[in-house]
Amino acid sequence: MGFDYYAILNIPRTASEVDIRLAYRKLAVRCHPKNDFHDAPQIPFPSLSLEHYWELLNEAFDVLSNARRRQIYDLYGEEGLKSGVVTPEGFVPPYKFSNDCMKIYKDFFATYSPYGDFIDAVTRPPPLCADDPTAVRAKGPDIVHPIELSLEEIFHGAIKKMRIIREEFADEAQVEMVLVEDTIPVHVPPGVPSGTCIRFPEAGNRGPKIIPSDIVFVVTESNHDRFRRDGVDLHAVQNISLENALVGFSLEIEGIDGRQIVTQIVDIVDPHYVKIFEGEGLPFPEDTTQRGDLFVTFEVSFPNFIPKELREKFRTVFQELNCPE
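Residues numbered from 1 in each chain as written. Predicted model: local features only at pLDDT ≥ 70, side-chain atom pairs only at ≥ 80, totals over all residues. Heavy atoms only, no water.

As annotated in an unreviewed UniProt entry, the chain carries the name J domain-containing protein and comes from Culex pipiens pipiens.

(A) Quick look at the sheet that holds strand β9 (residues 215-221). Across the sheet, which stays open at both edges, the three strands sit in the order β4-β9-β7 with mixed pairing between neighbours. The sheet terminates laterally at β4 (143-149) and β7 (197-200), the two strands that pair on one side only. In this sheet, adjacent strand axes meet at a mean angle of 25° when their direction is disregarded. Sheet topology places β7 next to β9; four bridges connect them, and they run antiparallel. (Pairing = 2+ DSSP bridges. Helix = DSSP H or I, 4+ residues; strand = E, 2+ residues; numbered from the N terminus. Axes fitted to C-alpha atoms, helices over the stretch in contact; angles between N-to-C directions.)

(B) View of the pairing of β9. Looking at chain direction, β4 and β9 are connected through seven bridges and run parallel. When the sheet's bridge partners are listed, P146 is paired in β9 with V218.

(C) Region of the structure containing the packing of aromatic side chains. The full count for this structure, using the stated rule, is 10 aromatic pairs. Relative to F108, the ring of F61 lies with its centre 5.5 Å away and its plane at 90°, an arrangement referred to as edge-to-face. Of this pair, F61 sits in helix α3 (residues 50-64) while F108 sits in helix α5 (residues 101-109), and the two are 47 residues apart along the sequence. The exposure class of F61 is buried, given its relative accessible area of 6%. Residue F108 is classed as buried on the basis of its relative accessible area, which comes to 2%. A network of ring pairs unites the aromatic residues Y5, Y6 and Y73 as a single cluster. (Phe/Tyr/Trp six-rings, centres within 6.5 Å; stacked < 30°, edge-to-face > 60°. Buried < 20%, exposed > 50% of the residue type's maximum accessible area, 1.4 Å probe, protein only.)

(D) A look at the nonpolar core. By size, the foremost hydrophobic cluster in this structure holds 35 residues, and its most contacted members are Y5, L9, I11, Y24, Y53, L57 and L64. Elements with a minimum of two residues in this core: α1 (5-9), α2 (17-31), α3, α4 (67-83) and α5. When residues in this core are grouped by element, the largest group, eight residues, is from α3. When sequence neighbours within four positions are dropped, the list of residues in contact with I11 reads Y6, D19, I20, A23 and L64. Listed in part, the 34 residues of the second largest apolar core include L151, I240, L251 and F277. (Core = buried A, V, L, I, M, F, W, Y, C linked by side-chain atoms within 4.5 Å. Contact = heavy atoms within 4.5 Å.)

(E) Quick peek at the environment of P146. Counting through the fold element by element, P146 comes out in strand β4. Along the sequence, P146 and V219 sit 73 residues apart, while their C-alpha atoms lie 6.1 Å from each other.

(F) Structural detail: the sheet that holds strand β17 (residues 294-301). Read across the open sheet, the four strands follow the order β10-β11-β17-β14; overall the sheet is mixed. Looking along the sheet, the strands with just one partner apiece sit at the ends: β10 (228-230) and β14 (274-277). When strand polarity is set aside, the average angle formed by the axes of neighbouring strands in this sheet is 30°. Relative to β17, β14 runs antiparallel, the two being bridged by four bridges. Paired with V274 across the two strands is T297, which belongs to β17.

(G) Here's a closer look at the confidence of the model for the chain. Counting all residues, the mean pLDDT for the chain is 83, and 86% of those residues have values of 70 or more. Ranking the helices and strands of the chain by mean pLDDT puts β14 first, with 96, and helix α6 (residues 116-123) last, with 41. Counting contacts from residues 116-135, a segment whose pLDDT is below 50, to residues more than four positions away or on other chains yields 32 contacts. (pLDDT = per-residue confidence, 0-100.)

(H) The arrangement of α4 in detail. Over its 17 residues, α4 extends only 18 Å from the first C-alpha to the last, a length that falls short of the 24 Å expected when each residue adds 1.5 Å. The largest bend along α4 measures about 125° and falls at Y76. Inspection of α4 places R70, I72, Y73, G80 and L81 among the buried residues, and these make up the whole buried set. Sitting at the amino-terminal end of α4 is N66, which places a side-chain oxygen 3.1 Å from the backbone nitrogen of R68. Where α4 ends, the next residue or the one after it, G84, has phi of about 90°, a positive value. (Expected span 1.5 Å × (residues − 1). Bend = angle between axes of the 7 residues up to and from the residue. Polar contact = N/O pair within 3.5 Å; in protein donor to acceptor, adjacent residues only side chain to side chain.)

Shown next, in the form of structure tokens:
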């Protein structure tokens, strides 16, 4: 019966690719055959000799760091991995460990020396290149978070305190990793368009083989109970009675800035009527002293029932107005 590769690396079966590499980095440096130990390294299997564990460690990393091998191992176990399996894509040949532990170590650390990884980081920093992520540093992917704003916050601008969780080094040797919780103040300018990305360069996850990723906050808008946004313009719908639609009325509406806007409607409000209030919309992002417009349309409420005698009166009135039936 074989060994559990996850137990050899001392990681759970749900470990990410980063977790696998961090575990190998920590254990491989400690168990390197040429490491001049001052204290015997602690390994997950104390009953094993250090030489045997060194071989199992590299075999475990060789399997789990390869997505295809790890998938087969997870599904069929070590027996299926080393016997070959038939998948929907065809037959996968048996896996055989090369036993070349030092090559695996060198491919990961870019050196055979157990100390070279720390010395070279100071004397010969690795170039920035994504061609070989096991030997050089590459930029980590963006960490994207939505930042939801109300229309009032978009109008005035806001400072939102956003809570994030990211990976960070736990020690100066940059071997151990921990998850840390942090709060980032995000300054949102007035009139910011929906979909705007607010970027914090290299504020995200850190790692031994990556340049810290960027944290990106994407502006989204929450639904408003009175307004709909269209760029810098705002749209509102006002309910009025049939009487007001025909004879006029005083319109009072609260603007996005909280002011009461009052005007007299003297026109007949037909289904296509729109009242435009210039300069009552949102600020222009490029010039916050300028604002868009507010467009108000109307929904007319009709009575549910009209008595017969009133219908006759309406008919007479409409005939006098020479309105077609």
